[in-house]
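For reference, the chains in residue letters:
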Amino acid sequence: MADGKRGEKSRKGAAPQGDTGARGAQNGPSSAPAAPKQGSVRTPRRSGSARAWQDIDATPRFAIAYVIVAYALATLVLFLPALHGAFIVSPVSDQYSGYAYRAFAADMVHATGHFPTWNPYLLGGLPFAAAGFGDVFYPAAFLRYLMPPDAAMTWTFALHIFLAGLFTYAFLRAWGMGFLPSVFGGLAYMLCGKVASLVSPGHDGKLYVSAMAPLLLWMILLGIRDGKLWAWGVAAIATALAIMSPSYQMAYYLGMLAGGFTLYLAFRTWEDGRKLDRRTAFLRLALAVAAALLGVVIAAVQLMPFLQYLPYGARGTAKGYEFATSYSMPPEELINLYLPQFSGILGSYWGRNPLKFHIEYLGVLNLLLMGAAFGNRARRGIVRFWIIAGGIALLVALGGHTPFYRLWYHLPMMSVVRAPDMIFFIPSLAVAFMAAVGMERFFGGAEWRRERYLAGWGIAALVVAILASVGFFTALGHHIAPPERFEMVTANAGHVTAGAWRSALFVVAGVVVLWLTLRGRIPARLGVCAVIVMAAVDFWSVDRLFFNFSPPASELYAASPAIQYLEKLPEPARVMSFPVVRLEARDPFVEGDALMLYHVRATTGHQGNELQRWVDLAGALSPGVDPARLLSPQFRRLTNTKFILTNGPLDSIINVAPLGVRRVMDPVMSSVGTPQYLFEFGDQDAPAAWTATAIVKAPPDQILPTVLDPRFDPASVALFDSSADVPGTQISSMPAPLGIAAHVRRYDPGHITVELDRAAPAGAALVVSENYYPGWSATVDGKPAQLGPADYTLIGVPLPEGARTVDLTFSSRPYHRGLLISDAGLIVALLVIGLGIILPRRRRV
């Protein structure tokens, strides 16, 4: 990545010619031409432009060190509170709940020395490797084993914003861009709204893919154009990292971009009219495909458990066009690319999406320079590629607001995902690349009406500011916004006006600096550096609004007396938690998954991809609450639910008298200063495991209404799924319960031991209030036993005569197989990298 030594003398008087990155493979006369060194030039230009270009193109000594320092400072300015231990999380962030998953994995690794494959503390129990508990296999997870998880999560966000800029810079330099234009392009991408603001919703997986995008394109460029074998090994690893993010939708979008870029490079015609010969082109395309497949192999540890989970998960099936197009980018929010305050920021958002915690802001100076790229004839090939790629991605981001998505919807897997706005990282990268091209055009190349272009931008910026001041954008908002948000549009009017003048200020300042630089009043290098600094300040003034910090996790998730009481329960019992009043602060125990930090089992919670059968049983996706279903005696009986944790009096939403609810303790204060009310159900027993007298097999669609019927007694009959490989019996009436008590002696993640207080008769069954999923195995008194789904979603074990002890163990075969395959794939990728570096050196020797 290093740029090498100064090149001023060798480039004196020269300016950029087109796609100077046209490095051809040295494969004979029909291969693409060899390109000059990074930042080099080909065609002499007029003296003024040439001199200015020499100033901004010249590569300083230790260039990469300057770039690293500059990008690190730009990142640290946004993360200053983290230097004092603050945690980059807020109540609107997915990390507010996601912290519990990550801390759980770190605790398990420290306690047992191995990775957990089952999470018993949430929504009836979930396979940890398969259900999508975040970046559990991404390399950033290892930081959480070495340092406090909250600090690791915070600095992982910072690292990937930094890497997004550094990889973009390297990609631009590899293409042949000048030094300062490349610096600007990297900065414009790493600080653009669609990258930097991802810290607000806590979407670390999306940020990982955004950072991998320029790295993957850079490696494809070196592999296709230059024939660098080692680049394919790095490309495979970058592909695997995008998959293990694990934002599969974003990885899907990146794969499509990478595929299009690969084809473009393989068959493009370079500026001198030559191109790769057909044999070389197809050979390198084959290497690209092999690298992509190798990336999938490396990601097997993530993919294999996930693919097994798809038929069982709540998001594994298509939910219709309306679901797939939810959270599309409304067309009017294109105004936010220039005027980020238009549709409101964070709590002021009035747009047509239900909520929005990020921004697509592209930066006014970024847009100003990008516009100049459209007239750059020398680089029209790559500009055309980015116009097409960025344009298609923009249409996808608009989702259901255009007819185009009707076609996109029929691509594989697009019917099971939503939020097409995720793809906007591609237009963001396109604009950053073209902004670097635009900067080149300003200071090199044929003469064009630069001053008139700048004047047009300045006038347009002032016109937008005046329109905002007279209420134009507010009136537009009233015309577009849902009626229930009209008041929010009005309240946002002042922010729109201030934002329009803010954007105008940066535009006018940029126009003045560029104009003075072009006139020779300011040295070219100083002028461009000033534009880069102004662009960074412009981005910072918007990005900082999305960087919300909280106290360290030790304070944020500290246990109240209510949580301490639940933590010390002698037997497993689940807790139903939900808010009954809306408070300014959000309690992570009542409205999140923080209970699992203290090994308290939660009936409810927020995971996003629960087991569908648990969702069916509960009657709602988390964190939705259906009191009629959740509080019914049958549901509580099946799910071992004995407690309710709320942030207000329970009788404010339901009549508690029929439930026999008692208050366990007086209201206590949570770690975030909100009240916690803990109640216990007293109207019935809800054991963690029980025995049933008989086994009956039935189809799932018949089992669900039966187990929810108040007349059904789980202690009389265990209803096994008809597909289960267990013996069943025919009964004409409900048999009497056995009265055999089942005591849970061990309850660890992936291991449950149940003891019966007396020997079981033949034909009986044990039902454990834990979700069944492939991977559970059972032994009865030390001998292997059958098991299967019982009472719709729970674990059922047929008991042989005389049974006293049942051990249940979870082991994910796809995870263990995937781990072996991933290790093998990574070794192959490292061998490719090593051979790609060593072999050319040996040939030179």
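Contact geometry of helix α6 (residues 179-190) with helix α22 (residues 524-543) gives a least axis separation of 10 Å together with a crossing angle of 0 degrees. As the angle between them shows, α6 and α22 are arranged roughly parallel. Between α6, through L180, V183, F184, L187 and A188, and α22, the contact on the second element is made entirely by R525, V528, C529, V531, I532, A535, A536 and F539. Among the residues making up the contact of α6 with α22, the classes are represented as 12 nonpolar, no polar and one charged.

The method is simple in principle: a probe with the dimensions of a water molecule rolls over the atoms, and the space it marks as empty is what remains. The tally for this structure, following the rule as stated, stands at two cavities of 30 Å³ or more. In terms of lining residues, the largest cavity is bounded by E333, N336, S343, G344, I345, L346, Y349, K356, H358, I359 and F546. When the residues that make up the lining of the largest cavity are grouped by side-chain class, the tally is five nonpolar, four polar and two charged. Taken together, Q95, R102, D135, R144, M153, T156, F157, D204 and Y208 make up the full set of residues lining the second largest cavity. Breaking the lining of the second largest cavity down by element, the ones donating at least two residues are α3 (95-112), α5 (149-175) and α8 (204-226). It is α5 that provides the largest number of residues to the lining of the second largest cavity, a total of three residues. Residue composition of the lining of the second largest cavity, by class: three nonpolar, two polar and four charged.

As a further point, take the pairing of strand β15 (residues 751-756). Where strand β14 (residues 742-748) lies against β15, six bridges are found, and the strand directions are antiparallel. Its bridge partner lying in β15, H743 is registered against E755. What sits between β14 and β15 in their antiparallel hairpin is a turn of two residues, with G750 showing a positive phi close to 85 degrees. Across five bridges, β15 lies against strand β21 (residues 805-810) in antiparallel orientation.

Now for the packing of aromatic side chains. The geometry of an aromatic ring pair is captured by two quantities: the separation of the ring centres and the angle between the planes. All chains considered together, the criterion is met by 48 aromatic pairs. When the ring of F87 is compared with that of Y99, the centres are 5.7 Å apart and the planes differ by 65 degrees; the resulting orientation is edge-to-face. Of the two residues, F87 sits in the loop between α2 (63-78) and α3 while Y99 sits in helix α3, which places them 12 residues apart along the sequence. The burial state of F87 is the same as that of Y99; both residues are buried. When the centroid spacing of 6.0 Å and the interplanar angle of 85 degrees are considered together, the rings of F104 and Y121 count as edge-to-face. Here F104 is found in helix α3, whereas its partner Y121 is found in the loop between β3 (118-119) and β4 (126-127), with 17 residues between them in sequence. Just as F104 is buried, Y121 falls in that class too. Among the aromatic side chains, those forming a connected cluster through ring pairs are Y101, F104, F115, Y121, F128, F133, F137 and Y815. For R636, the ring lying beneath its charged end belongs to F681, and the centroid distance is 4.0 Å.

What follows is about the pattern of salt bridges. Applying the stated criterion to the full structure yields 17 salt bridges. Between R102 and D135 there is a salt bridge whose closest N-O contact spans 3.3 Å. Within this pair, whereas R102 is found in helix α3, its partner D135 is found in the loop between β4 and α4 (140-146), the two being separated by 33 residues in sequence. With respect to burial, R102 and D135 carry one shared label: buried. Close ionic contact of E360 with K356 constitutes a salt bridge, the shortest N to O distance being 2.7 Å. Of the two residues, E360 and K356, neither departs from the other in class, the shared state being buried. Shared partners join several salt bridges into a network, and the residues in it are R102, D135, R144 and D204.

Moving on, we come to helix α28 (residues 700-707). Residues I703, L704 and V707 constitute the buried set of α28. All buried residues of α28 project into a common sector of 100 degrees when viewed along the axis, lining one side. Lining the buried residues of α28 we find α25 (612-618), α27 (633-639), β12 (694-698) and β13 (717-721).

What counts and how
Chains are numbered independently. Their residues run from 1 in the order of the written sequence. Under the rules for a predicted model, residues below a pLDDT of 70 receive no local features and side-chain atom pairs below 80 are neither given nor counted, while totals for whole chains, interfaces and linings still include all residues. Note: side-chain values were computed over all heavy atoms of the structure, leaving out hydrogens and water. Every angle, taken between N-to-C directions, lies between 0 and 180 degrees, and every axis is a line fitted to C-alpha atoms, over only the stretch in contact when it is a helix. The way it works is that DSSP assigns letters per residue, a run of H or I at least four long becomes a helix, a run of E at least two long becomes a strand, and they are numbered from the N terminus. Roughly parallel refers to an angle under 35 degrees, roughly antiparallel to one over 145, roughly perpendicular to one between 65 and 115, and oblique to any angle outside these ranges. In what follows, residue pairs with any heavy atoms lying within 4.5 Å of each other are defined as contacts. Following the grouping adopted for this structure description, the nonpolar residues are Ala, Val, Leu, Ile, Met, Phe, Trp, Tyr, Cys and Pro, the charged ones are Asp, Glu, Lys and Arg, and the polar ones are all others, Gly among them. A pocket, in this scheme, is an open set of points on a 1 Å grid over the protein atoms alone with protein on both sides within 12 Å along at least 5 of 7 lines, while a cavity is a set where a 1.4 Å probe fits but cannot get out; residues line either one if an atom lies within 4 Å of a point. Grid points are joined across faces, edges and corners, and a volume is the space filled by probe spheres set on the points. Strands are treated as partners if at least two bridges between them are detected by DSSP. Only centres within 6.5 Å qualify two rings of Phe, Tyr or Trp (six-membered ring in Trp) as a pair; their planes then separate them into stacked at under 30 degrees, edge-to-face at over 60, and tilted for everything else. When accessible area is computed with a 1.4 Å probe and restricted to protein chains, residues below 20% of their type maximum are described as buried, those above 50% as exposed, and intermediate ones as partly exposed. Definition used: whenever NZ (Lys) or CZ (Arg) falls within 6 Å of the ring centre and also within 35 degrees of the ring normal, the charge is taken to sit over that ring. A side-chain nitrogen of Lys or Arg and a carboxyl oxygen of Asp or Glu constitute a salt bridge if their distance falls within 4 Å. To obtain the arc, one takes the directions from the helix axis to the C-beta atoms.

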